[in-house]
Amino acid sequence: MVYLFGSRGTEGPQSSSTRLGDKEVKLVSTELELQQMLTELNKSCPSVIVVNAEGRALSRNGTLSLLSMCWDEDVIFVIDVQELGSKAFSQTVKDGADSSKWASVKEVLEDSTTVKVFCDPRSDSDALYHHYGILLKNVFCVQLAEVACRRQARHKVHFVKSRKNIILEHGELSEEELKEWDKFEREKSLGISSINFSRRPLSNQTLKYSALGVAYLLRIYMKMAKKRFMDENWIKEESKVRVEKCLLPSYEEEENGARAPADWIEMIYHVEGQTEPSRMRIHNQFFKPKYR
């Protein structure tokens, strides 16, 4: 059950859905609601799904409380992992749905044929793998795509941008969406925000904030996907590196956190007996980030 804030600041029980601008936000906190979400997902069968996890100190050492998923511009699903526990990922679709592409959320996240869009997948990957044994596959990191955009424009890039800056610069937010964003930022800066991922029932503000994590990333991804990246393979490979690096026992969250990975250059060489030149891509050390 979600508690919505009334006009005078009082809280009252409401249905498990709310709105974020023109988007419907659906809370998934029961097995039945999870089955319904999986049914809708299988009907849509999208090739791209935007994902974002939230929790207290999201990592192997913290908690994973909410998982937001979005595959169209109109609806965002927020799964209450804290409430559902491991069933959030293992619960299957209704009986008789044998033709479903994905039987569970775990299958969605580990599917190598469907793109999962994250702003930065590192904390999400760390928490998902160490708490629930989920290995993310086919991940597209928007943070790295933004780096590729700047490098394509011949800029030397040593550091990545925050989710906030990426969304404000590339999200093409409407006036209403900007007001909603500013409201969250203002309340956070004043220390009066009611966002709390662990408290139940969830506040309306927490539900909306969780939805914000994916609300505009699908739009940004579609915008970036239309561009012909010189480093499209670099984005895919470095996104995979980000995901897998978090699985190591020695991984530390702050390690190279804001540094952009080195770029690649293409080496062209000739092999005796071949008419066409061979190519090999290696990291370009000229783009290697400098330490502060």
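Rules behind the numbers
- Residues take numbers from 1 onward in each chain, read along the sequence in its written order.
- Residues qualify for local features only when their pLDDT is at least 70, as the model is predicted, and side-chain atom pairs are given and counted only at 80 or more; totals for whole chains, interfaces and linings, by contrast, use all residues.
- The side-chain figures draw on all heavy atoms in the structure; neither hydrogens nor water molecules are used.
- Helix and strand definitions follow DSSP, with helices as H or I runs of at least four residues and strands as E runs of at least two, each counted in order from the N terminus.
- Any two residues whose heavy atoms approach within 4.5 Å at even a single point are treated as in contact.
- For this analysis, a polar contact is any N or O atom pair within 3.5 Å, provided that within protein one partner can donate a hydrogen and the other can accept it, and provided that sequence-adjacent residues contribute only side-chain to side-chain pairs.
- Classification of residues uses two cut-offs on accessible area relative to the type maximum, computed with a 1.4 Å probe and protein chains only: under 20% is buried, over 50% is exposed, and between them is partly exposed.
- When DSSP finds at least two bridges between two strands, those strands are taken to pair.
- Side-chain rings of Phe, Tyr and Trp, where Trp is taken by its six-membered ring, are said to pair if the distance between their centres is within 6.5 Å; with planes under 30 degrees apart they count as stacked, over 60 as edge-to-face, and otherwise as tilted.
- The span one expects for a helix is its residue count, reduced by one, times 1.5 Å.
- To obtain an axis, a line is fitted to C-alpha atoms, over the contacting stretch when the element is a helix, and the angle between two such axes runs from 0 to 180 degrees between their N-to-C directions.
- Two helices cross in a left-handed way if the nearer one is turned anticlockwise from the farther one by less than a right angle. They cross in a right-handed way if the turn is clockwise.
- Each residue gets one of three labels, nonpolar for Ala, Val, Leu, Ile, Met, Phe, Trp, Tyr, Cys and Pro, charged for Asp, Glu, Lys and Arg, and polar for the others, Gly among them.
- Each reported salt bridge corresponds to a side-chain nitrogen of Lys or Arg within 4 Å of a carboxyl oxygen of Asp or Glu.

(A) Representation of the environment of Glu33 in the model. Among the structural elements, Glu33 can be located in helix H1 (residues 31–44). Sequence separation of Glu33 and Ser16 is 17 residues, and the distance between their C-alpha atoms is 9.8 Å. Once residues lying within four places of it in the same chain are set aside, the contact partners of Glu33 are Ser16, Leu27 and Val28. Within polar-contact distance, the side chain of Glu33 engages the backbone nitrogen of Ser29 at 2.8 Å.

(B) Broad picture of the pairing of strand S7 (residues 75–80). Along S7, 6 of the 6 residues are buried, which leaves the element largely enclosed by surrounding structure. Burial along S7 is two-sided: Val75, Phe77 and Ile79 facing one way and Ile76, Val78 and Asp80 facing the other are all buried. Two strands pair when backbone bridges link them, and strand S4 (residues 23–28) and S7 are joined in this way by 5 bridges, in the parallel orientation. Bridging across to S7, Val28 finds its partner in Ile79.

(C) Spotlight on unusual backbone geometry. In this structure, Pro201 follows Arg200 across a cis peptide bond, with omega equal to 0°. Mapped onto the secondary structure, Pro201 falls in the loop between helix H8 (175–190) and helix H9 (204–215). For Ala57, which is not glycine, the phi dihedral falls at a positive 50°. Mapped onto the elements, Ala57 comes out in the loop between strand S5 (48–54) and strand S6 (66–70).

(D) Looking closely at the packing of aromatic side chains. Scanning the entire structure with this criterion turns up 4 aromatic pairs. With 5.1 Å between their ring centres and 10° between their planes, Trp71 and Phe77 make a pair best called stacked. An identical accessibility class is assigned to Trp71 and Phe77; each is buried. Note on Phe140 and Tyr221: the rings are 4.8 Å apart at their centroids and 85° apart in plane angle, and the pair reads as edge-to-face. Remark: Tyr221 occurs in helix H10 (residues 217–225) and Phe140 occurs in strand S9 (residues 139–141); sequence separation between them is 81 residues. Side by side, Phe140 and Tyr221 carry an identical accessibility label, which is buried.

(E) Broad picture of H9. Over its 12 residues, H9 extends 16 Å from the first C-alpha to the last, a length consistent with the 16 Å expected when each residue adds 1.5 Å. Among the 12 residues in H9, 12 count as buried, and that is most of the element. Every buried residue of H9 is listed here: Asn204, Gln205, Thr206, Leu207, Lys208, Tyr209, Ser210, Ala211, Leu212, Gly213, Val214 and Ala215.

(F) Geometry of the packing of H8 against H9. Direction vectors running N to C along H8 and H9 enclose 115°, while the axes themselves pass 12 Å from each other. Once H8 is placed against H9, the crossing between them reads as left-handed. Facing H8, whose interface residues are Glu180, Trp181, Lys183, Phe184, Glu187 and Lys188, H9 presents Gln205, Lys208, Tyr209 and Leu212. For the contact of H8 with H9, the residue count by class is 4 nonpolar, 1 polar and 5 charged.

(G) Up close: the pairing of strand S3 (residues 17–20). Here S3 shows a buried face lined by Thr18 and Leu20 and an unburied face lined by Ser17 and Arg19. Summarising the sheet, S3 and S4 pair through 4 bridges and their orientation is antiparallel. When the bridges of S4 are listed, Ser17 appears paired with Lys26. The antiparallel hairpin formed by S3 and S4 contains 2 residues in its connecting segment, where Gly21 sits at a positive phi of about 65°.

(H) How the structure looks around the pattern of salt bridges. Tallying each qualifying case throughout the model produces 18 salt bridges. A salt bridge links Lys101 to Asp111, with the nearest nitrogen and oxygen atoms 3.9 Å apart. Within this pair, whereas Lys101 is found in the loop between helix H3 (87–90) and helix H4 (105–109), its partner Asp111 is found in the loop between H4 and strand S8 (115–118), the two being separated by 10 residues in sequence. Where Lys161 meets Glu146, a salt bridge forms, and the shortest distance between an N and an O atom there is 3.6 Å. Taken as a pair, Lys161 in the loop between helix H6 (142–152) and helix H7 (163–170) and Glu146 in helix H6 lie far apart in primary sequence, 15 residues in all. Each of the salt bridges in this network shares a partner with another, and the network as a whole consists of Asp22, Lys23, Glu177 and Arg219.

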